[in-house]
Amino acid sequence: MTYHIFLTRKAKKQLEKLEKAIQKQIKEKLHEIENNNKPLYEYDIVKLQNEKNKYRLRIGDYRILFEYIKQEKEIIIFAILPRKNSYKI
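Predicted, not measured: the structure shown is a model, and the values here were computed from it.

Caption draft 1: Focus on helix α2 (residues 20–35). In this model, α2 (16 residues) spans 22 Å end to end at C-alpha, consistent with the 22 Å of a helix rising 1.5 Å per residue. Listed as buried for α2 are Ile22, Gln23, Ile26, Leu30 and Ile33. The buried residues of α2 occupy an angular sector of 100° when projected down its axis, which confines them to one face. Exposed positions of α2 whose direction lies more than 90 degrees from the buried face are Lys20, Ala21, Lys24 and His31. Buried residues along α2 sit against β1 (4–7), α1 (9–16), β3 (54–59), β4 (62–69) and β5 (74–82).

What follows is the structure in structure tokens.
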């Protein structure tokens, strides 16, 4: 159950602005999701209310917001934000 993870241009910029330690933590988690055979529900992922195919992944004080395309097993990350800003989109 391998997933393909893509970051939008905006998400890449948000990731680059973070401290190196947080960047490393996020990259390691995304690499784990991409290469492990565990289903997504085994990670700290929750569907966003009133949104179709949009979810959030919690990594420390940061939230990774993404769209999941089930047929192609693609995860398109559109935002990497601190918790306090992540639900104001």
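Still to come is the rest of the account.
Caption draft 2: Summary view of α1. For α1, every residue scored as buried is listed here: Ala11, Gln14 and Leu15. For α1, the angular spread of buried residues about the axis comes to 100°, placing them on one side. Exposed residues pointing more than 90 degrees away from the buried face of α1 are listed as Arg9, Lys10, Lys13 and Glu16. The secondary structure elements touched by the buried residues of α1 are β1, α2 and β5.

Caption draft 3: Layout of the side chain of Arg56. Residue position: Arg56 is located in strand β3. Residue Arg56 is classed as buried on the basis of its relative accessible area of 12%. Within the structure, the side chain of Arg56 is placed 2.9 Å from the backbone oxygen of Asp44, a separation counted as a polar contact.

Parameters at a glance
- Position labels on residues start from 1 in each chain and follow its written sequence.
- With pLDDT at 70 or above as the cut-off, local features in this predicted model cover only qualifying residues; side-chain atom pairs require 80 or more to be listed or tallied, and sums for whole chains, interfaces and linings still use all residues.
- Side-chain measures were taken over the full set of non-hydrogen atoms in the model, leaving aside hydrogen atoms and water.
- We count a stretch as a helix when DSSP gives it H or I for four or more residues in a row; a strand needs E for two or more, and each element gets its number in order from the N terminus.
- Any helix carries an expected span of 1.5 Å times its number of residues minus one.
- Burial classes follow relative accessibility: with a 1.4 Å probe on protein chains only, a residue under 20% of its type's maximum area counts as buried, one over 50% as exposed, and anything between as partly exposed.
- Note: the arc covers the axis-to-C-beta directions of the helix.
- Contacts are assigned to residue pairs with any non-hydrogen atoms lying within 4.5 Å of each other.
- Pairing of N or O atoms within 3.5 Å defines a polar contact, subject to two protein rules: one partner must be a possible hydrogen donor and the other a possible acceptor, and residues neighboring in sequence count only if both atoms are side-chain atoms.

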